[in-house]
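Listed below are the residues making up each chain.
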Amino acid sequence: MSLSVHSKTVYDDWNIGKRKKFFLNLITGFLICWVLPQKFAHFTETLLLLNDLWLFGYSLFYGLVFASALEIFGCYDEVSSSRIRHLLFSICSGFVGGILLVLSVWLVEYDFVGRYVFLYVSAGSGLFSYFTALVISKLASLSIPRVYLRVSEEDAKKVKEKAVKSRVKFLWVTNQAQGAHGNGLSSDRLDFVVIDSSETLQKSEIVNYLSMGSKILSLNQFWSEFFRSSPSCYIDQNWFVDLDLHLRNPVGKRVKRLLDILLSLLGLLMAVPLIACASLFILFESGFPVFYTQTRSGYMGHPYTLFKLRSMRQKSEGTEPKWAKKGDQRITKIGSFLRKWRIDEIPQLWNVLKGEMSLVGPRPERPEFDLSLNLDIPYWNFRTLVKPGLTGWAQIRFDYASNIESSEEKLAYDLYYIKNASFFLDMEIILSTLRS
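Since this is a predicted model, take the numbers as computed values, not measurements.

Undergrad: Even after reading the chapter, I still don't get the overall build of the protein, so can you show me in this structure?
TA: When helices and strands are tallied, the protein shows 14 helices and eight strands. In the protein, which comprises 436 residues, the proportion classed as buried is 45%. Carbon and sulfur atoms provide 63% of the accessible area of the protein, an area that totals close to 23,900 Å².

Undergrad: What is the right way to read the pattern of salt bridges from this model?
TA: Proximity of charged atoms lets side chains of opposite charge pair with each other. For the structure on display, the rule yields 16 salt bridges. Residue K256 is joined to D426 by a salt bridge in which the shortest nitrogen-to-oxygen separation is 3.4 Å. You can see K256 sitting in helix α8 (residues 250–286) and its partner D426 sitting in helix α14 (residues 423–435), a full 170 residues away along the chain. Residue E345 pairs with R363 through a salt bridge whose shortest N-O separation is 3.1 Å. Of this pair, E345 sits in the loop between α9 (333–340) and α10 (348–354) while R363 sits in the loop between β7 (358–360) and α11 (367–376); the two residues are 18 residues apart in sequence, bridging distant segments of the chain. Under the relative-accessibility criterion, E345 is labelled buried at 18%. Classification of R363 by relative accessible area gives buried; the value is 10%. A cluster of three or more residues bridged by salt bridges with shared partners is formed by K18, E71, R228, E428 and R435.

Undergrad: Explain the sheet that holds strand β3 (residues 192–195) here, please?
TA: Sheet strands associate in pairs through backbone hydrogen bonding, adopting either a parallel or an antiparallel arrangement. Read from one edge of the open sheet, four strands run β2-β1-β3-β4, paired in parallel fashion. Looking along the sheet, the strands with just one partner apiece sit at the ends: β2 (171–173) and β4 (215–218). For this sheet, the mean inter-axis angle between neighbouring strands, taken without regard to orientation, is 30°. Sheet topology note: the strand β1 (residues 146–150)/β2 ladder contains three bridges and is parallel. Considered in β2, the bridge of R146 is made with L171.

Undergrad: Just to check I follow, could you spell out the nonpolar core for this structure?
TA: One recurring pattern in soluble globular proteins: nonpolar side chains tend to sit buried together. Residues L309 and W393 are the most contacted members of the largest nonpolar core, which totals 27 residues. For this core, the elements supplying multiple residues, two or more each, are α8, β6 (303–309), α9, α10, β7, α12 (393–397), α13 (404–420) and α14. At five residues, the largest contribution of residues to this core is made by α8. In contact with W393, not counting residues within four places along its chain, are R228, Y413, Y416, Y417, L425, E428 and I429. Core analysis: the next-biggest nonpolar cluster, separate from the first, contains 22 residues, L47, C75, Y76 and L101 among them.

Undergrad: What am I meant to see in the side chain of R296 here?
TA: Its location among the elements puts R296 in strand β5 (residues 291–297). Among buried Asp, Glu, Lys and Arg side chains, R296 stands out as unpaired, with E365 the closest opposite charge at 5.3 Å. A distance of 2.6 Å separates polar atoms of two side chains, one belonging to R296 and the other to Q294.

Undergrad: How should I be thinking about unusual backbone geometry in this particular structure?
TA: It is generally the case that most residues other than glycine have a negative phi and that most peptide bonds are trans. Residue F288 is joined to P289 through a cis peptide bond whose omega torsion reads -5°. For P289, the position within the fold is in the loop between α8 and β5. Positive phi values are uncommon outside glycine, yet R167 reaches one of about 60°. Notably, Y379 is not glycine yet its phi reads approximately 65°, a positive angle. In this fold, Y379 is placed in the loop between α11 and β8 (389–391). The class of Y379 is partly exposed, set by a relative accessible area of 26%.

Undergrad: Just to check I follow, could you spell out the side chain of R383 for this structure?
TA: Within the secondary structure, R383 is located in the loop between α11 and β8. Only 2.5 Å separates the side chain of R383 from the backbone oxygen of R363, close enough to count as a polar contact. Those residues in contact with R383 that lie beyond four places of it in its chain are P362, R363, E365, D370, K410, L411, D414 and I418.

Undergrad: What is the right way to read the packing of helix α2 (residues 52–72) against helix α4 (residues 115–142) from this model?
TA: Describing two packed helices takes the angle between their axes plus the distance from one axis to the other. Taken N-terminus to C-terminus, the directions of α2 and α4 make an angle of 50°; their axes are 12 Å apart at the nearest point. With respect to each other, α2 and α4 are oriented oblique. For α2 against α4, the interelement crossing comes out right-handed. Here Y62, F66 and L70 of α2 lie close against α4, whose contacting residues are V121, S122, S125, G126 and S129. Of the residues contributing to the contact of α2 with α4, the split by class is four nonpolar, four polar and no charged.

What counts, and at which threshold
- Residues numbered from 1 in each chain as written.
- Predicted model: local features only at pLDDT ≥ 70, side-chain atom pairs only at ≥ 80, totals over all residues.
- Heavy atoms only, no water.
- Helix = DSSP H or I, 4+ residues; strand = E, 2+ residues; numbered from the N terminus.
- Buried < 20%, exposed > 50% of the residue type's maximum accessible area, 1.4 Å probe, protein only.
- Areas by Shrake-Rupley, 256 points an atom, 1.4 Å probe, with all protein chains shown as cover.
- Salt bridge = Lys/Arg side-chain N within 4 Å of Asp/Glu carboxyl O.
- Pairing = 2+ DSSP bridges.
- Axes fitted to C-alpha atoms, helices over the stretch in contact; angles between N-to-C directions.
- Core = buried A, V, L, I, M, F, W, Y, C linked by side-chain atoms within 4.5 Å.
- Contact = heavy atoms within 4.5 Å.
- Lys, Arg positive; Asp, Glu negative; His and termini not counted.
- Polar contact = N/O pair within 3.5 Å; in protein donor to acceptor, adjacent residues only side chain to side chain.
- Parallel < 35°, antiparallel > 145°, perpendicular 65-115°, else oblique.
- Left-handed = near helix turned anticlockwise from the far one by under 90°.
- Nonpolar A, V, L, I, M, F, W, Y, C, P; charged D, E, K, R; others polar.

Below you can see the structure in the form of structure tokens.
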């Protein structure tokens, strides 16, 4: 097979992930908070009277809050979806960071940050972040990856539909365009070749694609990299090679448990007035009981009792378990409000404190549903390889699962989380949950 390695354009991956964007904005906020007061503030400005170590600490704190607020407001998503909204939320993120900076300085120094410094730092960070995002988005639009799908028509259709749904842009290269049935590959660049399995390509084809600068991905790798999910139908034995949940990062597991204890305890203490108020509304609308308990499948399938504020009518289920779904008629008026703002989930912090759950993980399912779904969906029981969570990757990326098809799609996100679990992914999920 002949081969030309000339590419009409060079592909640069400017589709920067959220983690890189987070650290970019953290550094941006830090530098602006450090530099602007020294350049524009009056010599009596509080931040200028601090020594370098304290100024470094406050600047780092501001950068961390600013970058986190951008995630909460959804500013790491595609800019072109709504530029005005993105601009407003970027500036709002700067002001959230500015307000917390003012409060932290006042609590420690007993003095206020000047109003002009507050304005310069907050607005400057938001504007700089917005225009940086615009530049990155423009560069990404100029280097859309070209993808050749050497898979079945059914799988190719699924990939393209998912790309549209996820708003991920690709240039799909057809079989004929790459000359697979001709005398060789065309001179057009080819960034990704997606295959069913390693048997799809001959050794000579692999060499040709690699020499051309193409990256060869399996279907599961492609879904994981661009859609951040792992459909069970594309998982094979290679997926299990480095899945070592018991020994992988033992320090990280202990840190996660410590955060679970601290944050759940803090959350329960802060939520006492909210739980009391919600309980009164539930009591007035539909009477006792205020709390609802249910058996769920926990770590390694061990059952435990989950606690929630009751959001459905009493005896709404009958003799057999039923799926919860959008617009469920069993949900009360106050229950609809509690579900919308996830207030009904707050008592599960007690389950987190007891160690039966974690703040982040696959949402626990009822044993009755687990039993039936495990028969119909491959690897469904893999969800119990980690502790169930108060929130999870599937919860922020997918809606209610009310049948086998939607449960299978939900599982794809849970499997992605199990494979890629980390402190940073947990933080992304927690921040995104505050937005949703």
